[in-house]
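Here are the chains, one letter per residue:
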Amino acid sequence: MNPSVSWAAPAAAVPTPVYRISTLLGSLLVLATGLSDYLFWSQSLGLNVLVYLVFLVGAHLVLLPSHAPVRRTAGFWVALAGCLLSGGLVAWYGSGAAALAALASGLLLIGLVNQPPLRLVSSAVLTAVLGVGPAVRAVLGNVRAPRQVGGKLRRGWFYARLLGLPLVALIVFQTLFAVANPRYGTLSARFLGALGDWLGQLLDAISVPHVLFLLLCGVGAAGALVAVPVHVVTDYEVRFGEFIGRQRDGVASLGVRQPDFRRTDRRLLDLRKEWLAAVACFGLLNALLLVVNVVDIRWLWFGFVPAPDFDLTQFVHEGTYVLIFSILLAAGIMLWFFRRNLNFYQPGLPLLRWGATLWTGQNLVLAASVGLRNYYYIVHTGLAYKRIGVYAFLLLTVFGLGTLLLKIWQRRSAFSLVRLNSWAAYAVVLGLAAGNWEIWIAEYNLQSRFPRLDIGFLLAMPPRVLPVLAAHEAALDQVNYLAAADEAGYTVPIERAEAHRRLHQRLLAFRNAYPLQDWQSRTGANEQAYAELVGR
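Please read all numbers here as calculations on a predicted model, not as lab measurements.

Calculation notes
- Residues numbered from 1 in each chain as written.
- Predicted model: local features only at pLDDT ≥ 70, side-chain atom pairs only at ≥ 80, totals over all residues.
- Heavy atoms only, no water.
- Helix = DSSP H or I, 4+ residues; strand = E, 2+ residues; numbered from the N terminus.
- Contact = heavy atoms within 4.5 Å.
- Areas by Shrake-Rupley, 256 points an atom, 1.4 Å probe, with all protein chains shown as cover.
- Phe/Tyr/Trp six-rings, centres within 6.5 Å; stacked < 30°, edge-to-face > 60°.
- Buried < 20%, exposed > 50% of the residue type's maximum accessible area, 1.4 Å probe, protein only.
- Lys NZ or Arg CZ within 6 Å of the ring centre and 35° of its normal.
- Salt bridge = Lys/Arg side-chain N within 4 Å of Asp/Glu carboxyl O.
- Pairing = 2+ DSSP bridges.
- Axes fitted to C-alpha atoms, helices over the stretch in contact; angles between N-to-C directions.

J.: Any chance you could explain the overall build of the chain here in plain terms?
T.: Tallying secondary structure elements over the chain gives 20 helices and three strands in all. The contacts in the chain between residues at least 6 apart in sequence include a share of 72% that link residues at least 24 apart. Carbon and sulfur atoms make up 67% of the accessible area of the chain, which totals about 31,500 Å².

J.: Help me understand the packing of aromatic side chains, please; the structure alone is not making it clear to me.
T.: Two measures describe an aromatic ring pair: the distance that separates the ring centres and the angle between the ring planes. Tallied over the entire structure, the rule returns 15 aromatic pairs. Measuring from centroid to centroid gives 6.3 Å for Tyr52 and Phe55, while their planes differ by 45°, and the two rings are tilted. Of the two residues, Tyr52 and Phe55 are both situated in helix H2 (residues 47-63); the distance of three residues between them amounts to about one turn of the helix. Each member of the pair, Tyr52 together with Phe55, is buried. Taken together, the aromatic side chains of Phe40, Tyr52 and Phe55 make up a single cluster linked through ring pairs. The ring centre of Phe450 lies 4.4 Å from the NZ or CZ of Arg449, which sits over that ring. A cation over a ring is seen here: Arg522 above Tyr514, with NZ or CZ 4.7 Å from the ring centre.

J.: Is there a simple way to think about the pattern of salt bridges in this case?
T.: This model, assessed by the stated rule, comprises six salt bridges. Where Arg119 meets Glu237, a salt bridge forms, and the shortest distance between an N and an O atom there is 3.6 Å. Residue Arg119 is found in the loop between helix H4 (96-114) and helix H5 (121-130), and its partner Glu237 is found in helix H10 (residues 232-237); the two are separated by 118 residues along the sequence. Exposure remark for Arg119: the relative accessible area of 24% places this residue in the partly exposed category. Across the salt bridge formed by Arg501 and Glu498, the nearest N and O atoms sit 2.7 Å from each other. Residue Arg501 and its partner Glu498 are located together in helix H19 (residues 496-513), separated by three residues, close to a single helical turn. Beyond isolated ion pairs, a larger network of salt bridges with shared partners links Glu498, Arg501 and Arg502.

J.: Could you clarify how one ought to interpret the sheet that holds strand S2 (residues 481-485) in this entry?
T.: Strands pair in a sheet through their backbones, by hydrogen bonds, and they do so in one of two ways: parallel or antiparallel. In space, the three strands of this open sheet follow the order S1-S2-S3, with mixed pairing throughout. Of all the strands in the sheet, the pair left with one neighbour each is strand S1 (452-454) and strand S3 (491-493). Strand-to-strand twist across the sheet, computed as the mean angle between neighbouring axes with direction ignored, equals 30°. As judged from the three bridges shared by S1 and S2, these two strands associate in the parallel manner. Looking at the pairing, Leu453 lines up with Leu482 of S2.

That's the geometry; what it means functionally is another story.
Laid out in structure tokens, this is it:
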């Protein structure tokens, strides 16, 4: 070895990040962070949601190449349309249902972009949530300190020590001159006061909550735009098929893939015994449900008039919940019996299918009876959010019973039912977001035929309801009983004068506060309501 040649260790290479962020993606991340802060800091939901969702959709369309697999899936375009629709509904109504639909649509879009093969709405939403952590780590992995940072820090420390002595001298002589010369002291005090005010305003502008919110916006931007593959949910979902396959493993036969020749003293329940149990179950429950439906049809469907002392609240609340639980339990029993090889038991399959179909039809009649109970409650007491929600749930229940029939007659799997019903639930959420429910509730409950009015419930609604309340103020003097919630949340009676005062106070507060709102928090319905109230 030549002694004149000295060996030196090679410089450590800078580790290359696993996920490389392009210039376009980095620019969109910065833009998304700043846009989120501008749109949502100290703002309520309104036009800002529509603007952000339009940006999110446009960003993904720009980032995704034309040959991306997700572009060829129907779910991606449904989620994209859902983002635009729900964003527009938030911009017009600003309701909680529209905000929920917008959140679900955004997460669904992000999850499908991350994993295009996903088939469940819940799986896509969960993938979007789980992808936030890897996306943030990917962004941080692309942030590297500039070279020669150590040398620059050492030079900075050198110049700081060099200027330290002059600064100390300046402070000492400034104090001496201010004490010796009163006029100079006054001028220096003004200068220091102005400097202190400026620093205070600067510190207020960069408040800690605002900085934390900005960091949260950055995390949200990374989770929304950086598609680091998350395979956890996809690997779990891919194991499930749309249809049931006949299971032939685990029996003592060389004709199966995994035979089991072990001796056992336990007698297995063969298909005939399981079929007999299913037939007995469907037969007995069909007979029982037939009696219940006949009683409901004779009692509720034709000429139902509650007695004066009839407890309509107990009749609807407890009865509805119990009947809904019975429908869900019936669906669970059918899923249990049709889970495996009973779907292929040809000698008794037709009878079993028709018995399950009859039971499904009777459950549809039971669902109609639940809807009638809810209808009678609305007719006699008025509308409310939960009573509308009961009909939304019944709509999903009817759809779910229809998919149960598909499972029975087409040998579909439970996964197929979950997939179909999850997309149906997403459609119902979008439908609920499209309804102007508060206006309809207020107009319905303010009818003079109702003896009781919960004015506190109506006054707690969004401002778009105020023109309706102002137009029907005379109804406050026509009802027999006015109620509102007290500080503890209990509904108590209130005087008519108090109801008028609360209404006028709410109208005045809205007229004064709405012009001061920024455009981000404004909605089309509130804008229309303000124009109507000002024009009165």
